[in-house]
Amino acid sequence: MACNKEFAEKVHKYLDEDVTLLEKKQLESHIIKCEKCEKQLRDLKKTIAIIQSASHMEAPNNFTANVMSQLPKQSYKNKWKTWMRRHPFVLTAAVFFLMFVISVHSVWTEGNKEIIVKGDGHFIVDEQRRVVVIPEGQTISGDLVVKNGNVEVNGEVLGNITVIKGEQYLASAGHVAGEIQEINQVLEWLWFQTKSFFSDVISFIDSNDDKSIND
Amino acid sequence: MDAVVKKIILEVKKGNQNAFSELVELYKDKVYQVSYRMLGNVHEAQDVSQEAFLRAYINIETYDMNRKFSTWLFRIATNLAIDRIRKKKPDFHLEDQVAGTEDLTYYSQFASDDELPEDQVVQLEMQEWIQHEIMLLPPKYRSAIILKYMQDLSLKEISDILNLPVATVKTRIHRGREALRKRLNDS
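Here we summarise the structure given alongside this text.

Reading the values: the criteria
Residues numbered from 1 in each chain as written. Chains lettered and ligands numbered in written order. Predicted model: local features only at pLDDT ≥ 70, side-chain atom pairs only at ≥ 80, totals over all residues. Helix = DSSP H or I, 4+ residues; strand = E, 2+ residues; numbered from the N terminus. Buried ≥ 20, exposed ≤ 12 C-beta atoms within 10 Å, placed from the backbone. Contact = placed C-beta atoms within 7 Å. Pairing = 2+ DSSP bridges. Axes fitted to C-alpha atoms, helices over the stretch in contact; angles between N-to-C directions.

A separate point is the overall build of chain A. What chain A contains, in helices and strands, is seven helices and eleven strands. Within the span of chain A, comprising 215 residues, buried residues form 16% of the whole. Residue pairs in contact within chain A that sit at least 24 positions apart in sequence constitute 21% of those at least 6 positions apart.

On to the overall build of chain B, then. Within chain B, the secondary structure is distributed over eight helices and zero strands. Listed by position from the N terminus, the elements making up chain B come as α-α-α-α-α-α-α-α. Taking contacts inside chain B between residues at least 6 apart in sequence as the whole, the part at least 24 apart equals 57%.

This brings us to the sheet that holds strand S2 (residues 124-126) of chain A. Residue and element names in this part refer to chain A. Spatially, S2-S3-S6-S9 is the arrangement adopted by the four strands of the open sheet, whose pairing is mixed. Single-partner strands in this sheet number two, and they are S2 and strand S9 (168-170). Strand after strand, the sheet turns through a mean of 20° between neighbouring axes, direction not considered. Alignment of S2 against strand S3 (residues 131-134), held across three bridges, turns out to be antiparallel. What sits directly across from Val125, in S3, is Val132.

This next bit is on unusual backbone geometry. Leaving glycine out, the prevailing phi sign among residues is negative, and the prevailing peptide bond configuration is trans. Residues and elements named next belong to chain B. Phi angles above zero are rare outside glycine, and Asp152 is one such case at about 55°. Residue class for Asp152 comes out exposed when judged on the 9 C-beta atoms lying within 10 Å of it. With phi around 55°, Asn163 is a residue other than glycine that occupies positive phi space. Tracing the backbone through its elements, the reader meets Asn163 in the loop between helix H7 (155-162) and helix H8 (166-186).

All names here are of chain A. Reading across the sheet, the three strands line up as S4-S7-S10 and stay open at both edges, with parallel pairing between neighbours. At either end of the open sheet lies a strand with only one pairing partner, and these are strand S4 (139-140) and strand S10 (175-176). Alignment of strand S7 (residues 156-157) against S10, held across two bridges, turns out to be parallel. Across the sheet, residue Glu156 finds its bridge partner in S10, namely His175.

Take the environment of Asn41(B) next. In this structure, Asn41(B) sits in the loop between helix H2 (19-39) and helix H3 (42-58). Looking at Asn41(B), the number of C-beta atoms within 10 Å reads 16, which means it is partly exposed.

In structure tokens form, the structure reads like this:
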């Protein structure tokens, strides 16, 4: 034991590195003279060293697996939610795909009745037979697109003919300069839409270029 | 380290159960060590440390991300260990006499392993002796000494873990040290 209570306290504070510089000096000079306090400090240091020499312990091998197996089971919904959070792009892609399918479907099915014709020139729409007729002697200057009906060409078409959900009949007298295409399936139609979109974009860019050259 | 731990905890909070296994891997040895030193028994240590992780998982929502995770985890583990010590039936000590015998203590019932080289035996005896001395400390000094000298934690951290003022932690460490020193001198 230390020689008195005050120094007993100081020895512990010293070990906690909790002393002021002055207290430290006081204790150190006291220890030189006082054998009791010197032994007290030495013994306590030895005790600490022994406790600190206790080997580090490792948890048993299967520890983590044991813990994990005891965790409360996650509900199916929870697992699904977690998976979704970890793969946000799958969800986004799925939503977009769904929207896409719905919009394509609605565009494809809507207006099934009405015959839609796009083209420059004179033509006759025969609602009863559901046929678009290009009469003899008439010329369509550009492309011709007909939706929801058949086409009968007796005259001349300088561009391409595209028939969506319909057929084309080319009379012997008729003449088509470009290609003739019949589209009766969604995928074909999609491909056509994509192609025409890009060709529109390209022609738009081209015309812009022309303009800028002209400027 | 802390950033990694935070990231894992956020994952766990989001409901990713598998991320929790990374936390267990990171802290299992420390938690097991504290539990074993507190209880002095392999089976109980495993029980308590597993329970500590389970509680941490269940109560992860109450964990404050601004504080150190290890402090929170140690707090759960030491509380469980102290509860376990309180509930224990009246304990026997290794140096108590075995009933109906003279001169025979529980110490002599340890199986001795003849094959070990001498310095290993000394080392093993030393380790057993340390644990034995730790177990003789009252639990409140025991926890403070273990956290201070076996886990190398600061007084502030220990005060957070034990939910005590720093001054009280100091006193407990002083008394624990003193008790250990006395027996060391006597032995």
